[in-house]
Amino acid sequence: MLRHVARALLGAVFIHAGIDQIRRPQSRALAAGPYVSSLAQRTRVPDDPILLVRVNGGLMVAGGLGLVTDTAARPSAVVLAASLIPTTVFGYQFWRAGDPDTRSRQREQFLTSAGLLGGLIFAALDTAGRPGLTWRAREGTKRASRATRRAGRTARRDAAMLRREAKITRRAVTANVRADRLEATRAAERTVRRSAKRARRAVASVADSLPGSAT
């Protein structure tokens, strides 16, 4: 609520000043005349100080309404800050005033405008508690970095797990090969033993069938 009130108070100042520039641009146009002529010679800016003062006043009114209604408040503050600079420089040139009273009055107005410029800078930077672009970019970078580190750790764990599984597989294959070899050896031994038994039986049978084997 205080943000809305502060913006409305700040915007009301610029609405009033902008309307004054639109209705009575002569004094500011007279002060800005030499600068506008010099600028018009180098750029495409029209050489019409009164028109430029009124355009500046229109920007001030639009920006002030943006602050008062809290509609696009931050862009409005940026527009007002940009419009306040020429108003301050051309409207309150206290350094050129010869009369001490006039110089003091214009210096005070110059400093007041400078203070309003500071308030506009704060309004332009105020995110109303929401994260700004810089914070979001920094946090996005941090999250990406954390995600990259997590992905690296996960990849290393997966690689270690694959290595362990490969070792277990190799051991199992080796054990199976050894078991197969042992089983083959035992089978060969059994075959040899059976063959030896059959051979002994055959020899015994032949011996029994020979003459005189009973004695």
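A brief structural summary. (Residues numbered from 1 in each chain as written. Predicted model: local features only at pLDDT ≥ 70, side-chain atom pairs only at ≥ 80, totals over all residues. Heavy atoms only, no water.)

Grouped together as the largest cluster of nonpolar side chains are 12 residues: L10, F14, M60, L67, A73, A77, L80, A81, L84, L120, A123 and A124. Mapped by element, the contributors of at least two residues to this core are helix 1 (2–23), helix 3 (49–68), helix 4 (73–91) and helix 5 (100–125). Per-element accounting of this core gives the leading share, five residues, to helix 4. (Core = buried A, V, L, I, M, F, W, Y, C linked by side-chain atoms within 4.5 Å. Buried < 20%, exposed > 50% of the residue type's maximum accessible area, 1.4 Å probe, protein only. Helix = DSSP H or I, 4+ residues; strand = E, 2+ residues; numbered from the N terminus.)

To continue, consider unusual backbone geometry. Of note in the backbone geometry, D70 takes a positive phi value of approximately 60° without being a glycine. Assignment of secondary structure puts D70 in the loop between helix 3 and helix 4. The class for D70 is partly exposed, based on a relative accessible area of 28%. For A72, which is not glycine, the phi dihedral falls at a positive 50°. Exposure remark for A72: the relative accessible area of 45% places this residue in the partly exposed category.

With the rule as written, the count across this model stands at three salt bridges. Residue D70 pairs with R7 through a salt bridge whose shortest N-O separation is 2.8 Å. Here D70, found in the loop between helix 3 and helix 4, pairs with R7, found in helix 1; they are 63 residues apart in sequence, far enough to count as distant. Here R7 falls in the buried class, since its relative accessible area comes to 10%. (Salt bridge = Lys/Arg side-chain N within 4 Å of Asp/Glu carboxyl O.)

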